[in-house]
Amino acid sequence: HAEMAALAELMAPPAAAAPDAPTPGFLRQADRAARWQRPRVRASLAVAALLLVGLLTGQIAIQFRDAFAARWPESRPVLEALCETMGCTLGPLRRVAALGVEASGLAPGDAPELYRLTLTLRNRDSVALATPSVDLSLTDLRGELITRKVLAPQELLRQPGRVPLGAALEAASETPVEVHFTVRDARVSGYTVELFYP
């Protein structure tokens, strides 16, 4: 009988371990909060935040590079180095709203099909701005459009001297320019000009 009892004991399944008591919610919450306070975790978060701020600053600098270079010329070397690695270019600031035509005139030239357009371009900004293109619309006696011409900055000649205008208009300046062009088989009577960046 004792042998049978010993055998039954051997064949019985092992007793299940007592289940762990569930951890109370306030203890789990305290454990999670303590995890964020560990020095290694805090250092990793600080490094990640600095990297993100650096990336954001770099993106802003690249996006508004022309404005930064115009307003803070001392930043130009850093921006040029950034553009070398990013494959971008650094040029004069473009702000067409700060540009205007103070005066203009259209006169016939020496030949029947030749015309001379004079403009006084004004930069109202406190920094140099990129030289704009000029959209010139020519009309006849009835006011109907004859043709439109786009005059690129390199076609505009500074007066006096008739030298090319260059890539930028000086800050807070008025610049007289002229351009010569031909119109075939039409009698020009009127015109309009508009400044724009292509």
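Provided above is the structure to which this section pertains.
Scope of this entry: the structure provided in the associated data block.

Calculation rules
Residues numbered from 1 in each chain as written. Predicted model: local features only at pLDDT ≥ 70, side-chain atom pairs only at ≥ 80, totals over all residues. Heavy atoms only, no water. Core = buried A, V, L, I, M, F, W, Y, C linked by side-chain atoms within 4.5 Å. Buried < 20%, exposed > 50% of the residue type's maximum accessible area, 1.4 Å probe, protein only. Helix = DSSP H or I, 4+ residues; strand = E, 2+ residues; numbered from the N terminus. Contact = heavy atoms within 4.5 Å. Phe/Tyr/Trp six-rings, centres within 6.5 Å; stacked < 30°, edge-to-face > 60°. Patch = residues over 30% accessible without salt bridge, like charges linked within 9 Å, V, L, I, M, F, W, Y side chains within 5 Å. Areas by Shrake-Rupley, 256 points an atom, 1.4 Å probe, with all protein chains shown as cover. Salt bridge = Lys/Arg side-chain N within 4 Å of Asp/Glu carboxyl O.

1. Here's the deal with the nonpolar core
Leu-117, Leu-121, Leu-129, Leu-151, Leu-156 and Phe-181 are the most contacted members of the largest nonpolar core, which has 24 residues in total. Listed by contribution, the elements that provide at least two residues to this core are strand E2 (114–123), strand E3 (129–130), strand E4 (133–139) and strand E9 (173–182). In terms of residues, this core owes the most to one element, E2, which gives four residues. Apart from the residues lying within four places of it in its own chain, the contact partners of Leu-151 are Leu-117, Ser-133, Val-134, Leu-136, Leu-156 and Val-179.

2. Let's talk about the packing of aromatic side chains
Under the criterion given, the structure shown has two aromatic pairs. Considering the side-chain rings of Tyr-115 and Phe-181, the 6.0 Å spacing of their centres and the 20° angle between planes classify their relative orientation as stacked. Remark: Phe-181 occurs in strand E9 and Tyr-115 occurs in strand E2; sequence separation between them is 66 residues. You'll find Tyr-115 and Phe-181 in the same group, each marked buried.

3. Observations concerning a nonpolar patch on the surface
Together, Leu-56, Ile-60 and Phe-64 make up a nonpolar patch on the protein surface, roughly 280 Å² of accessible area in all. Relative to the elements of secondary structure, Leu-56 occurs in helix H3 (residues 39–63).

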